[in-house]
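# Analysis of the macromolecular model
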Amino acid sequence: MQYMLLIYDCDRPEPGDPRFPEALARVNAFADECPRRGAFVSGHPLLGEHTATTVAVREGKTLITDGPYPETHEHLGGAYVLDCRDLDEALELAALCPMAAVGSIEVRPIAGVPGLDHHG
């Protein structure tokens with residue numbers, strides 16, 4: 001079963017920050033563990049929420065707003081897609097993700113959609 005690990009409110013140091021090498025080492029260790037288990041499908045860090053643009057259509061009119069959805073209290077920093085044997089393994093890997101120590105990881109099963117499910 002595939003699960004998406006949504007990473008919220010993580011503090012991700014940028015290159016040049018003295019915390020960057022240690023943070024990168026922790027992320028790389030996690031990134032090595034997922035394929036070692038055969039669970040890695042994809043991972044996608046996102047640029048900061050200040051780069052977001054939100055699109056909504058109301059009464060036939062397209063509304064475009066700079067920034068994330070206005071009622072969002074947490075920012076989405078990235079996501080991993082993992083193919084795990086069960087929810088327990090997905091939760092175990094979420095706890096191993098270094099961003100869980102500074103933010104939170106939401107774990108959700110990915111719904112199979114007939115005609116769109118390219119993963120079997």
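Note on numbering: residues in each chain are counted from 1, in written sequence order. With pLDDT at 70 or above as the cut-off, local features in this predicted model cover only qualifying residues; side-chain atom pairs require 80 or more to be listed or tallied, and sums for whole chains, interfaces and linings still use all residues. Values shown for side chains rest on all heavy atoms present in the structure; no hydrogens or waters enter the calculation.

Turning our attention to the packing of aromatic side chains. To describe a pair of aromatic rings, you give the distance between the ring centres and the angle between the ring planes. When the centres of two rings from Phe, Tyr and Trp lie within 6.5 Å, Trp using its six-membered ring, the rings pair. Their planes under 30 degrees apart give stacked, over 60 give edge-to-face, and anything left gives tilted. The tally for this structure, following the rule as stated, stands at one aromatic pair. Ring centres 5.1 Å apart and planes at 80 degrees place the aromatic pair F30 and Y80 in the edge-to-face group. Separated by 50 residues along the polypeptide, F30 in helix α1 (residues 20-36) and Y80 in strand β5 (residues 76-83) bring together distant segments of the chain. Secondary structure counts use DSSP, requiring at least four H or I residues in a row for a helix and at least two E residues in a row for a strand, with both numbered from the N terminus.

We define a salt bridge as a contact between a side-chain nitrogen of Lys or Arg and a carboxyl oxygen of Asp or Glu at a distance within 4 Å. Applying the stated criterion across every chain yields a total of eight salt bridges. The salt bridge partner of E33 is R37, with a shortest N-O separation of 2.7 Å. Note on classification: 1.4 Å probe, protein chains only; a residue is buried when its accessible area is under 20% of the maximum for its type, exposed when over 50%, partly exposed between these limits. The class for E33 is buried, based on a relative accessible area of 18%. Overall, the relative accessible area of 26% leaves R37 in the partly exposed class. Of the charged contacts, one joins R37 and E92 as a salt bridge, the two residues approaching to 2.7 Å between their closest N and O atoms. Of this pair, R37 sits in the loop between α1 and β2 (40-45) while E92 sits in helix α2 (residues 87-96), and the two are 55 residues apart along the sequence. Residue class for E92 comes out partly exposed when judged on its relative accessible area of 37%.

This brings us to unusual backbone geometry. Positioned with a positive phi, E59 is a non-glycine residue whose angle comes to about 50 degrees. Relative to the helices and strands, E59 is located in the loop between β3 (53-58) and β4 (61-66).

The subject of this paragraph is the sheet that holds β5. Consider a sheet: its strands pair through backbone hydrogen bonds, and that pairing is either parallel or antiparallel. The four strands lie next to each other as β2-β5-β1-β6, forming an open sheet whose pairing is antiparallel. Of all strands in the sheet, those bounded by a partner on one side alone are β2 and β6 (104-109). Across the sheet, the axes of successive neighbouring strands diverge by a mean angle of 15 degrees, strand direction being ignored. When DSSP finds two or more bridges between two strands, those strands count as paired. The sheet contact formed by strand β1 (residues 2-8) and β5 spans seven bridges and is antiparallel. Across the sheet, residue L6 finds its bridge partner in β5, namely A79. Axis definition: a line fitted to C-alpha atoms, over the contacting stretch in the case of helices. Angles run 0 to 180 degrees between N-to-C directions.

Attention now moves to the nonpolar core. One recurring pattern in soluble globular proteins: nonpolar side chains tend to sit buried together. The biggest cluster of nonpolar side chains holds 17 residues, and the ones touching the most others in it are L5, Y80, L82 and I105. Going through the elements one at a time, β1, α1, β5, α2 and β6 are the ones with two or more residues in this core. In what follows, a contact means two residues having at least one pair of non-hydrogen atoms within 4.5 Å. When neighbours within four sequence positions are excluded, L5 is seen to be in contact with F30, G78, A79, Y80, L82, L93, A94, I105, E106 and V107. Each nonpolar core is a collection of buried residues, namely Ala, Val, Leu, Ile, Met, Phe, Trp, Tyr and Cys, held together in the definition by side-chain atoms within 4.5 Å.

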